[in-house]
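# Structure assessment
Chain by chain, the residues run as shown.
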Amino acid sequence: MMERGDAPRRTKNRTRCGVLIRQLMTGSALTWCAVELCPSPAMAQGTVVPVAAQTLSVNIPAGELNHALLTLSQTAHLQIFYDMDKVKGLHANAVSGTMTADQALSRMLSGSGYSFSRTGNKISLVPAAANITLGPVRVGGTLNTHEAAIGPGVGYVAKYTETGTKTDTPITEIPNSVYVITKQEILDQQAQNINETLRYMPGVYAEGNGTATNGSAAGSLANGTGGIMMRGFAATQYVDGIASRSLSAGETAFVERVEALNGPASVLYGQVGPGGLIATRLKQPTDTPIRNVTLGFGNWGRYESTFDVSDKITKSGNLKYRIAGIGVTQGTQTEYRDYKRVGVLPSVKWDIDDKTSLTLLGEYMYTPADGTDTGYPGIGTLVPGKFGYIPRSRYLGDPSLNTTVTRDAAFEYQFSHKFNKMFEFQQTFRYEKSDTNYKYLYLRGNLQSDGETIDRVAWNGQGGRRTVGLDNRLIGHISTGSVKHTFVVGMDFRKVDILQDLVYDYSIPSVNIWNPSYYTAYPNFTISGADTLAMQNLSQTQYQKGIYFQEQLKFGKLNVMLGGRQDWYNYTGLVYSRSHDATSTSAWKAGTRQHPSDNKFTWRAGFTYNFDFGLVPYFSYATSFIPQVGSFDASGQAAKPLTGKQFEAGLKYLIPRTDVLLTAAAYHIKENHYLITDADNPGHQVDAGTVTSKGVELSAHANITKDLHLTASYSFNDMRVTKSDTSVWQYTMSGSQVKKVSEQGKYVGGLPRNMVNMFVDYTPPARIFQGFGINFGVRYIGFTWAGNGESYKVPAYILFDAGAHYDFGHLSPILKGLKGQLAMSNLANTRYVGSCGTGVGGGTCYYGQGRRVYGSFSYSW
């Protein structure tokens, strides 16, 4: 029986402990802190319940890590040991709900750069990097301490995102599909561009054009069969929350993480394709210093060097810098096609005070050769031709016309100010300038009856693009009774100016695909002589502005999301064109092309329900809107905006006390005014009517142990034209027209129905193979249809990837920081075709990449 006076003694004892904690927290001599040194009432009464097994109600807002740890220790009666100086200024994620203390601490520390180890009720913070084996750091540096929503993630798992809501939100509380490729995954796969990072992503088809891609997701803003496809529609790429059309946006040496937001995102981002968007985060200054250089090498004569450096400028650390750079030169699997690039990304972050920060970024990229291939005829690639298969090394252009030079520059700033605990203002501005000069040959028409020759066209062009983007948003966190509200109110603006001058010469000699002759093409790009020419000068200006709002309501385990947006856009375009042949020269034909100005309201709604054991069912509905600017039919009529809706339902499961995130999603998208290539008028598009995209996506992102990481996915996508009065031609593989068929009911060309992917990285325990690790990947892509009339199938293929990495620091202390890695994609050197097109001008097929071997040495100090 408790004697009178026990309670006062306990109270007095806890008071002394409170004083001790405050002394430890504020003392200048003792910088190691052990919070919750006092016994709980249960301990005082002699009843000890293992804390790791207890569940408790937690409600700790995002904020300074020191304060959050103290709050958790008092709530859960834990002893948490850590170095105060090292965690000073670090950010803690918000933690709310019923969970174990370990779960709460894991969520709080995610993205902070720290993890923890437990001995009974005693917990010690340890650097998260201690649980992660980094491969050669082409993408740069040690694990940084950015906020969880924009940081590199831990291993292969990121639990928070900003892309899906423009707020720091757990992925499991977002009622639609958001997938994150962490920095560690990019490093292990040694991805050389954004397309390659997306190989294992569900719902994303990134390499359909094989080696005819330049690594940028900034393709058409609406539909089509080129570039990166998401749920059957062309993706839009965003850099730090702003739409980007720059080729430099595909450079992985400059990114911290890559995200795919699958499905309509018009409410927050405006004019985005209904399949979703690809979001990248550029490298920014970090609290933890970074000093890294790499040297890379590979087949086809590849040599590469990168560097990544970040540190404090001022002693207090309120002003920091980071600079990353890359230089690379290599050949490709195709003769005479080279890839060369040099670029730099400097940035400065100024913490003006504890509530205000400003980050400035600059970017410059010079690409004098982009390595893009121009394709092959179907006969000789899909099926054997007169002399078998065309080698992947065969170049069907001419070395004398083999130029593509691009210069990209960008400036960006990110500003944020917290008025108080409830309200914050954020603003992001980005300006891009991109100029390209190109001169090369491409194939035209069908393989001739001799089975050997095919016609070509010379193309000379100069293009420029200027993009200005601005996003302003006010974020609020308030509570009304038991309901917690997180709202966003914003306004954004985008202007894109496009200039382009093109000249075509149709008098170029044909090429023998089995025995090509080079240095025989001498095009005439002036109006003189007997050549047949076409010229076109284009000037476009696109405007988009919008206001949007979003409300996230949290009531216990139920999370509800509501959002809406009003969008306005207009487009003006001026086109001059003329043609010339041996006998006559037509006059310039000038015309002003203008899309009718339009506006549209879009909205979305959804909910998630978070069960205690980690399972989260969800449902959402969203509408979409995107003007198909720059697209006109043969009569000059502007294309109507692509509008539609999506239903999505699914499950997300974050297995308790693990870093294993499993997801399953089913979706149904219906879009009106989908454009396809006009079968009778090359160079124009036609409204195919209504398309329906429906499918299933399964994914796993897992740190199974600290040594074993895995990502896997399965995607099923059924995309057909479901309502149409358009007819299209069916073609043979040789390019001959067979018959005209109704587009209704046909599959959209160039899209696989099934994709299965898996990548795993394993570093055996040190007692077995110290410092050595291996990885392996497999990619299956199902068949696709050539063209939009289901003309013929492009076969399915399966590819294997493999690699190894070694930490030389295990050999000798003087080699600490030196790491080596070898990565091989398409290990079996499988010959496959990524996709084929059809049309009046002939069909072109694109070989996929053969075996690529890439090795690197990186040194961090």
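Refer to the structure above for everything that follows.
What counts and how
Residues numbered from 1 in each chain as written. Predicted model: local features only at pLDDT ≥ 70, side-chain atom pairs only at ≥ 80, totals over all residues. Heavy atoms only, no water. Helix = DSSP H or I, 4+ residues; strand = E, 2+ residues; numbered from the N terminus. Buried < 20%, exposed > 50% of the residue type's maximum accessible area, 1.4 Å probe, protein only. Contact = heavy atoms within 4.5 Å. Lys, Arg positive; Asp, Glu negative; His and termini not counted. Salt bridge = Lys/Arg side-chain N within 4 Å of Asp/Glu carboxyl O. Disulfide = S-S within 2.5 Å. Expected span 1.5 Å × (residues − 1). Axes fitted to C-alpha atoms, helices over the stretch in contact; angles between N-to-C directions. Parallel < 35°, antiparallel > 145°, perpendicular 65-115°, else oblique. Nonpolar A, V, L, I, M, F, W, Y, C, P; charged D, E, K, R; others polar. Core = buried A, V, L, I, M, F, W, Y, C linked by side-chain atoms within 4.5 Å. Pairing = 2+ DSSP bridges. Phe/Tyr/Trp six-rings, centres within 6.5 Å; stacked < 30°, edge-to-face > 60°. Lys NZ or Arg CZ within 6 Å of the ring centre and 35° of its normal. Patch = residues over 30% accessible without salt bridge, like charges linked within 9 Å, V, L, I, M, F, W, Y side chains within 5 Å. Areas by Shrake-Rupley, 256 points an atom, 1.4 Å probe, with all protein chains shown as cover.

On a plain count of helices and strands, the chain comes out with eight helices and 49 strands. Relative to its full complement of 861 residues, the chain shows a buried share of 55%. Sequence-distant contacts, at least 24 apart, represent 69% of the contacts inside the chain between residues at least 6 apart.

By the element assignment, Glu185 lies in helix α6 (residues 183–189). We note that Glu185 is buried and unpaired, the nearest opposite charge coming from Arg257 at a distance of 11 Å. Here Glu185 is in contact with Gly155, Tyr156, Val180, His701 and Thr711, once residues within four sequence places are set aside.

Here the structure, examined in full by the defined rule, presents one disulfide. A sulfur-sulfur distance of 2.0 Å marks the disulfide that ties Cys836 to Cys845. Since a negative S-S torsion denotes a left-handed disulfide, the Cys836-Cys845 link at about 115 degrees is right-handed. Taken as a pair, Cys836 and Cys845 share a single burial class, namely buried.

Compared with the 16 Å implied by 1.5 Å per residue over twelve residues, the 16 Å span of helix α3 (residues 65–76) between its first and last C-alpha is a close match. Among the residues of α3, those classed as buried are Leu65, Asn66, Ala68, Leu69, Leu70, Leu72, Ser73 and Ala76.

Once that is clear, we can look at the pattern of salt bridges. On inspection of all chains with the given rule, the structure shows 35 salt bridges. A salt bridge links Glu256 to Lys183, with the shortest nitrogen-to-oxygen separation between them at 2.9 Å. Here Glu256, found in strand β17 (residues 255–262), pairs with Lys183, found in helix α6; they are 73 residues apart in sequence, far enough to count as distant. Neither Glu256 nor Lys183 differs from the other in exposure class; each is buried.

To continue, consider the packing of α3 against helix α5 (residues 101–109). For the pair α3 and α5, the least separation of the axes is 11 Å and the interaxial angle reads 175 degrees. When the axes of α3 and α5 are compared, the pair comes out roughly antiparallel. Here α3 contributes Leu65, Ala68, Leu69, Leu72 and Ala76 to the contact with α5, which in turn contributes Ala101, Ala104, Leu105, Met108 and Leu109. Of the residues contributing to the contact of α3 with α5, the split by class is ten nonpolar, no polar and no charged.

By size, the foremost hydrophobic cluster in this structure holds 26 residues, and its most contacted members are Leu65, Leu69, Leu105, Met108 and Leu125. Secondary-structure elements contributing two or more residues to this core are β2 (55–60), α3, β4 (79–83), α4 (84–87), β6 (95–100), α5, β7 (114–119) and β8 (122–127). Non-local contacts of Leu65, meaning those with residues more than four positions away in its chain, are made with Val87, Leu90, His91, Ala92, Met108 and Leu109. Counting residues in hydrophobic clusters, the runner-up holds 23 residues, among them Ile676, Val741, Val748 and Tyr797.

The sheet built from five strands is open, its strands ordered β11-β17-β18-β15-β16 with mixed pairing. Across the chains shown, the open sheet's two edge strands, defined by having one partner strand only, are β11 (178–181) and β16 (242–243). In this sheet, strand β18 (residues 276–282) lies alongside β17 in antiparallel orientation, the contact comprising seven bridges. Pairing of Leu261 across the sheet is with Leu277, part of β18.

Turning to the sheet that holds strand β12 (residues 204–205), a few remarks are in order. One open sheet accounts for three strands, arranged β12-β13-β14; its pairing is antiparallel. Unpaired on one side and paired on the other, β12 and β14 (233–234) mark the two borders of the sheet. With two bridges joining them, β12 and strand β13 (residues 229–230) adopt antiparallel strand pairing. Within β13, the position partnered with Tyr205 by the bridge is Met229.

Right, let's get into the packing of aromatic side chains. Taken as a whole and judged by the stated rule, the model has 29 aromatic pairs. Summarising the aromatic geometry, the rings of Phe297 and Phe857 are spaced 6.1 Å apart at their centres and angled 35 degrees between planes, so their arrangement reads as tilted. With Phe297 in strand β19 (residues 290–298) and Phe857 in strand β49 (residues 852–860), this residue pair connects regions lying 560 residues apart in the sequence. Here Phe619 and Phe647 contribute two aromatic rings whose centre-to-centre distance is 6.4 Å and whose plane-to-plane angle is 35 degrees, an arrangement assigned as tilted. Placement of Phe619 in strand β32 (residues 615–626) and of Phe647 in strand β33 (residues 642–654) is noted, with a sequence separation of 28 residues between them. On the accessibility criterion, Phe619 (34% relative accessible area) is partly exposed. Phe647 gets classed as partly exposed once you look at its relative accessible area, which sits at 37%. The lysine or arginine in question, Arg231, covers the ring of Tyr667, its NZ or CZ lying 4.1 Å from the ring centre. In this arrangement the basic side chain of Arg831 is found over the ring face of Tyr389, its NZ or CZ atom lying 3.6 Å from the centre.

What follows is about the environment of Asn437. Along the chain, Asn437 turns up in strand β25 (residues 423–444). C-alpha separation for the pair Asn437 and Thr406, spaced 31 residues apart in sequence, amounts to 6.6 Å.

Phi is positive for Gln190, close to 55 degrees, though the residue is something other than glycine. With respect to the helices and strands, Gln190 occurs in the loop between α6 and α7 (194–197). The phi torsion at Arg657 lies on the positive side, around 60 degrees, for a residue other than glycine. Looking at the secondary structure, you find Arg657 in the loop between β33 and β34 (659–672). Since its relative accessible area comes to 58%, Arg657 is described here as exposed.

Where β32 lies against β33, twelve bridges are found, and the strand directions are antiparallel. When the bridges of β33 are listed, Tyr621 appears paired with Phe647. Alignment of β33 against β34, held across twelve bridges, turns out to be antiparallel. Paired with Leu651 across the strands is Ala664, a residue of β34. What sits between the antiparallel neighbours β33 and β34 is a turn of four residues, in which Arg657 has the positive phi angle 60 degrees.

Here we take up the pairing of strand β39 (residues 727–731). Pairing analysis gives five bridges linking β39 to strand β40 (residues 737–742), with the strands arranged antiparallel. Each bridged residue has a counterpart across the sheet, and for Trp729 the counterpart in β40 is Lys740. Between β39 and β40, which pair antiparallel and follow one another directly, the connecting turn spans five residues, one of which, Gly735, has a positive phi of 105 degrees.

On the surface, Phe419, Leu474, Val489, Phe549, Phe601 and Trp603 cluster together into a nonpolar patch covering about 550 Å² of accessible area. Residue placement: Phe549 occurs in strand β29 (residues 533–555).

By secondary structure assignment, the location of Thr71 is in helix α3. Owing to a relative accessible area of 24%, Thr71 belongs among the partly exposed residues under this scheme. Residues Thr71 and Val58 lie 13 residues apart in sequence; the distance between their C-alpha atoms is 9.6 Å.

Turning to α5, a few remarks are in order. The buried count for α5 comes to seven of nine residues, which makes it a mostly enclosed element. All buried positions along α5 are accounted for by Ala101, Asp102, Gln103, Ala104, Leu105, Met108 and Leu109. Residue Gly111 follows α5 closely and has a positive phi angle near 85 degrees.

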